[in-house]
Amino acid sequence: MIDAVATDSSSTPSNEKQRRVRRTRMTGAERRAQLLEIGRTLFAAKGFEGTSVEEIAAKAGVSKPVVYEHFGGKEGLYAVVVDREMRRLLDMVTSSLTAGHPRELCEQAAFALLDYIEEYTDGFRILVRDSPIPQSTGSFASLISDIATQVEDILGREFKSRGFDPKLAPLYAQALVGMVALTGQWWLDVRRPRKAEVAAHLVNLAWHGLDGMEAKPHLIGRRKA
């Protein structure tokens, strides 16, 4: 199917034909990729509610039916954008965990998230927003849970070797990944200090906290339940 040709609405009847804007024809795959990038940029800047199908179509130089043809509407486009960003971040974190030493693994995980924020800022802005549509393929919370599962295996082995209960590894994995993720949200806007320094401080807190961890932690306040 050939997309409708966009026209210059400011042209007069006498020269409208001559001023007609001719777009480069795209294959279906190329058009879909274009719409995904445009949607990603607009969703990051304006959010789901602030972005319209009309604006997406206008940016792409196509008619609204073309957007519906490829994605079924704004909701479908948003779901694909979110799914793609979630897989990209999860792949970056998973592929980064290559070192043998647990402390270096912590560094690699922290760097992976900060690298994603730096390289794919629009994608991260979309992920940290609560999804406005229930049929979305996921949420930032579920993504963090997926990443924590990767860290859980690492902590479980360390706990076992140090005489700690490996059943508590999921709790600590959620705490560590959540700490990095929330710091990443803050760093997204301030971008200070530099990335390597942020990673070093995150690992400093995480590693030395784990290093001095009590096998059976106790509460010191009055409340015990």
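Values in this document were obtained by computation on a predicted structure and should not be read as measured data.

To find leftover empty space, one rolls a probe the size of a water molecule over the atoms. A complete count under the given rule lists two cavities of 30 Å³ or more for this structure. Roughly 380 Å³ of volume is contained in the largest cavity. Only α5 (102-119), α7 (140-162), α8 (169-190) and α9 (195-211) provide two or more residues apiece to the lining of the largest cavity. A total of eight residues in the lining of the largest cavity trace back to one element, the largest contributor, which is α7. Counted by class, the lining of the largest cavity contains 26 nonpolar, no polar and three charged residues.

Attention now goes to α7. For α7, with 23 residues, the first-to-last C-alpha span of 32 Å sits near the 33 Å given by 1.5 Å per residue. The largest bend in α7 amounts to roughly 30 degrees and is located at V151. Against the buried residues of α7 lie α4 (74-96), α5, α6 (121-128), α8 and α9. At the exit of α7 stands G163, carrying a positive phi of roughly 85 degrees.

Describing an aromatic ring pair means giving the distance of the ring centres and the angle of the ring planes. This structure, assessed with the given rule, holds seven aromatic pairs. Their ring planes at 75 degrees and their centres at 5.9 Å tell us that F159 and F164 sit as a pair that is edge-to-face. Exposure class is identical for F159 and F164. Each is buried. The rings of F43, F48 and Y78 are connected pair by pair, giving a single aromatic cluster.

Here we take up the environment of L127. Note on placement: L127 falls in helix α6. For the pair L127 and L89, spaced 38 residues apart in sequence, the C-alpha separation works out to 9.9 Å. Contacts of L127, omitting those with residues within four sequence positions, involve V82, E85, M86, L89, Y116, F140 and L143.

Calculation notes
Residues numbered from 1 in each chain as written. Predicted model: local features only at pLDDT ≥ 70, side-chain atom pairs only at ≥ 80, totals over all residues. Heavy atoms only, no water. 1 Å grid on protein atoms, 1.4 Å probe; cavity = no way out; pocket = protein on both sides within 12 Å on 5 of 7 lines; lining within 4 Å. Points joined across faces, edges and corners; volume = space filled by probe spheres on them. Helix = DSSP H or I, 4+ residues; strand = E, 2+ residues; numbered from the N terminus. Nonpolar A, V, L, I, M, F, W, Y, C, P; charged D, E, K, R; others polar. Expected span 1.5 Å × (residues − 1). Bend = angle between axes of the 7 residues up to and from the residue. Contact = heavy atoms within 4.5 Å. Phe/Tyr/Trp six-rings, centres within 6.5 Å; stacked < 30°, edge-to-face > 60°. Buried < 20%, exposed > 50% of the residue type's maximum accessible area, 1.4 Å probe, protein only.

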